[in-house]
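# Notes for the structure review
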Amino acid sequence: MNKTRNLKYACNVAGFSIIAFLAIREICGAVMANIPFKDGSVMPFVLGIAVFAAACLIPTITMENALGLHPKLFRKTDTATTLAAVFYGYLLIIAASFANSLVLALLKKAGLEFAAQTVSIPQKPLHAVLYFAYVCLLPPLLEEIFTRGYLLNAFKNWGRSFAIVVSSLCFALLHSSMENFVVYFCCGIILAQVYLTFDSLLPAMLLHCLNNSISFFMLAFQGRANAHSALVLIIFVYVCAIIFGYAGKKHLDSRGIKLSACFEKDSDLLKKFIYCRKAYMAVAALGLMVFFALLGSYNSLV
């Protein structure tokens, strides 16, 4: 089997895995939405965690068996260097969020305005803990294994740049939020660079967890505090991100580590994407991801 045929096969397997992810998430989500849970029940949280775990792990196992993937996901890393990469990576994610805000501002001028995100934190301690696990702990663990650990490695034989872009595109679209596509796509690239730099998912998981946790608490606080207090919190977080992010970059530079070094010069990058159109399962998966992303954005229009 030649290399281009292998690429077509990898695209079809990845496409089937993504379709499985979407099917589990959407079908089970629709079923759960129509179950009359009792007030105060923890079952919505427990089932939500179970569905998300199945949606990530079943496609991962599919790729592992169909492609014979057995990537090394974890290895020992220096603690100080890992934290430096996490802080610097978070600073880059903030920069990506500003770019996304600029895109949203341009869309607003064009007449497209989206509802602001809000987080309603459950009042009961057990509910709050389960919700935090569902939003801030589970995605960094399972999404990193699925998208960086397996999806990225499925395409690494055709160049790191190609693998990074493919995995980041899928990561962005699987969040079903076209209005936040820029920030999710950039996050995918940053997380992929961190993973490839250390050859370990742990730094990427820590960065993912830090980003989700800060976003979680900031959105929750903004929903309960006045505008002045919320602004003070945002400024405080951004100042800390700049200080620690800059210190992290200096530490990485002193070790000769550059996240951008993961990207290779690839003159055939566009040709590879064009060739992928022959993989019909991958094309179907892309269509479904775009559909759900557009649907999610349509539902959030003001």
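Here the structure is shown first, and the text comes after it.
What is meant by a disulfide is a covalent connection between two cysteines, made through their sulfur atoms. Under the criterion given, the structure shown has zero disulfides. With no disulfide of its own, Cys 262 has Cys 186 as its nearest cysteine by sulfur position, at a separation of 16 Å.

When we look at a pair of aromatic rings, we describe it by the centre distance and by the angle of the planes. All chains considered together, the criterion is met by 13 aromatic pairs. Where Phe 181 meets Phe 185, the ring centres are 5.8 Å apart and the plane angle is 10°; that geometry is what we call stacked. Of this pair, Phe 181 and Phe 185 both sit in helix α6 (residues 181-198), separated by four residues, roughly a single helical turn. A residue is classified by how much of its surface remains accessible, and Phe 181, at 23% relative accessible area, is partly exposed. Judged by centre distance (5.2 Å) and plane angle (85°), the ring pair of Phe 216 and Phe 217 falls under edge-to-face. You can call Phe 216 buried: its relative accessible area is 5%. Looking at Phe 217, the relative accessible area reads 49%, which means it is partly exposed.

Cut-offs and rules
Residues numbered from 1 in each chain as written. Predicted model: local features only at pLDDT ≥ 70, side-chain atom pairs only at ≥ 80, totals over all residues. Heavy atoms only, no water. Disulfide = S-S within 2.5 Å. Phe/Tyr/Trp six-rings, centres within 6.5 Å; stacked < 30°, edge-to-face > 60°. Helix = DSSP H or I, 4+ residues; strand = E, 2+ residues; numbered from the N terminus. Buried < 20%, exposed > 50% of the residue type's maximum accessible area, 1.4 Å probe, protein only.

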